[in-house]
Amino acid sequence: SNQGDSRPSATRLRGKAFECISLLGFSVGKERFAPAARQTMSAMLAVGATSVDDVQTECIREAMERMCKILGTDFAPFLPTLIPGVLAGLRMDQIVQVATEEDADLQASGGTEEDDDLVLPTEDGLVRVNTGKMTEMLSVVSLLNVFI
């Protein structure tokens, strides 16, 4: 399989393959899976760095959580590569932005341009919260919690 293939079907399949490998590793245990775990993590890190597909990213995230649980302290060598990318996903400016009265009116009339946007009043004015990105951020924080 070509890791550079970016067709939606290929990225989804690649993500699911990583998920399956991590499930197999979980079932056979650390001792039997350790050699394959390093190779799998290297492949996931290579793909994860360029991933733009939501299904693939979610599958890789879940697989990495499993890999961390399988490997325990042996997962530590992967953290210096993983953590910067994980922290980059924790940008609040992608989630919360200043909103206008027009945004509030649009929401009140049945929806915003983006279905994931929610316009809320605050003491300092209106803010737009992208709930989809907020959910993704919570997933990233959960991943960090597993790594720690």
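Thresholds applied
Residues numbered from 1 in each chain as written. Predicted model: local features only at pLDDT ≥ 70, side-chain atom pairs only at ≥ 80, totals over all residues. Heavy atoms only, no water. Salt bridge = Lys/Arg side-chain N within 4 Å of Asp/Glu carboxyl O. Helix = DSSP H or I, 4+ residues; strand = E, 2+ residues; numbered from the N terminus. Axes fitted to C-alpha atoms, helices over the stretch in contact; angles between N-to-C directions. Parallel < 35°, antiparallel > 145°, perpendicular 65-115°, else oblique. Left-handed = near helix turned anticlockwise from the far one by under 90°. Contact = heavy atoms within 4.5 Å. Core = buried A, V, L, I, M, F, W, Y, C linked by side-chain atoms within 4.5 Å. Buried < 20%, exposed > 50% of the residue type's maximum accessible area, 1.4 Å probe, protein only. Pairing = 2+ DSSP bridges.

## Remarks on the pattern of salt bridges
The final tally for this structure, using the stated rule, is three salt bridges. Across the salt bridge formed by lysine 16 and glutamate 19, the nearest N and O atoms sit 3.7 Å from each other. A residue pair is termed a helical-turn pair when its members lie 3 or 4 positions apart in one helix, as lysine 16 and glutamate 19 do in helix 1 (residues 8-28) at three residues. A salt bridge links arginine 91 to aspartate 93; the shortest N-O distance between them is 2.7 Å.

## Things to note about the packing of helix 4 (residues 79-88) against helix 6 (residues 131-147)
Put simply, helix 4 and helix 6 touch, their axes get as near as 10 Å, and they point 155° apart. Relative to helix 6, helix 4 is oriented roughly antiparallel. Crossing geometry of helix 4 relative to helix 6 is assigned as left-handed. Contact with helix 4, carried on its side by Leu79, Leu82, Ile83, Val86 and Leu87, involves Val140, Leu143, Leu144 and Phe147 of helix 6 and no other residues of that element.

## Some remarks on the nonpolar core
Within the largest apolar cluster, 23 residues are counted, with the highest numbers of intra-cluster contacts made by Met41, Met44, Met64, Met67, Phe75, Leu82 and Phe147. Of all the secondary structure elements, the ones that give two or more residues to this core are helix 2 (30-48), helix 3 (54-71), helix 4 and helix 6. The contact partners of methionine 41, leaving out residues within four places of it in the chain, are Met64, Met67, Phe75, Phe78 and Leu82.

## Observations concerning the sheet that holds strand 1 (residues 96-98)
Sheet architecture is open: three strands sit in the order 1-3-2, paired in antiparallel fashion. Looking at which strands have only one partner, the edges of the open sheet turn out to be strand 1 and strand 2 (117-122). Taken pair by pair, the neighbouring strands of this sheet meet at an average axis angle of 30°, ignoring direction. As paired strands, strand 2 and strand 3 (residues 125-130) are joined by six bridges and run antiparallel to one another.

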